[in-house]
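These are the residues of each chain, in order.
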Amino acid sequence: MEEKITLVIGVIGADVHVVGNKILNYAFTEAGFNVINLGVMVSQKEFIEAAIESDADAIVVSSLYGHGEIDCRGLRQKCDEAGLKSIKLYAGGNLVVGKADFGTVKQVFLDMGYDRVYPPGTSPEITISDIKIDFGLELSNESIPNI
């Protein structure tokens, strides 16, 4: 039996946007992942503690209020210091205030150590597919729910 990928998900910082988090929770669960959903207003420390406690494979950070770049800065280093050097980091949403070019925003997050970065409105199917690719899982249409 194949072991499930464990994802710690949540909305970082002072962000209270819960709808996207609930959609991701549903989509990731339906896709067969073990999901630890921390909800909204999650600190970096809470993400790291949950990842250690659950032996997570990845942390998926959402942010919609525009302060994601500030809230996410330093998470890779803190993960490394906590012994989570191999954990994958994914971030998505409205990560900066204003109409910044997403290519620039993406590069900032890649430079901060995130493995994948998603613009606002990215469908869960894309993230699910990327996670499966990143962990060498076979892709099948049946394992990716239509949301």
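You'll find the structure just up there.
Residues numbered from 1 in each chain as written. Predicted model: local features only at pLDDT ≥ 70, side-chain atom pairs only at ≥ 80, totals over all residues. Heavy atoms only, no water.

## Concerning the layout of surface pockets
- Roughly 360 Å³ of internal volume is contained in the largest pocket.
- At the level of secondary structure, the elements contributing two or more residues to the lining of the largest pocket comprise α1 (19-30), β3 (58-63), β4 (88-93) and α6 (124-134). (1 Å grid on protein atoms, 1.4 Å probe; cavity = no way out; pocket = protein on both sides within 12 Å on 5 of 7 lines; lining within 4 Å. Points joined across faces, edges and corners; volume = space filled by probe spheres on them. Helix = DSSP H or I, 4+ residues; strand = E, 2+ residues; numbered from the N terminus.)

## A look at helix α2 (residues 44-54)
- When α2 is considered as a whole, its buried residues turn out to be Gln44, Phe47, Ile48, Ala50 and Ala51. One face of α2 carries all of its buried residues, which in axial projection span an arc of 165°. Turned more than 90 degrees away from the buried face of α2, the exposed residues are Lys45 and Glu53.
- In the core, the buried residues of α2 are packed alongside β1 (6-11), β3, α3 (68-72) and α4 (75-81).
- At the C-terminal side of α2, aspartate 55 shows a positive phi close to 55°. (Buried < 20%, exposed > 50% of the residue type's maximum accessible area, 1.4 Å probe, protein only. Arc of directions from axis to C-beta. Contact = heavy atoms within 4.5 Å.)

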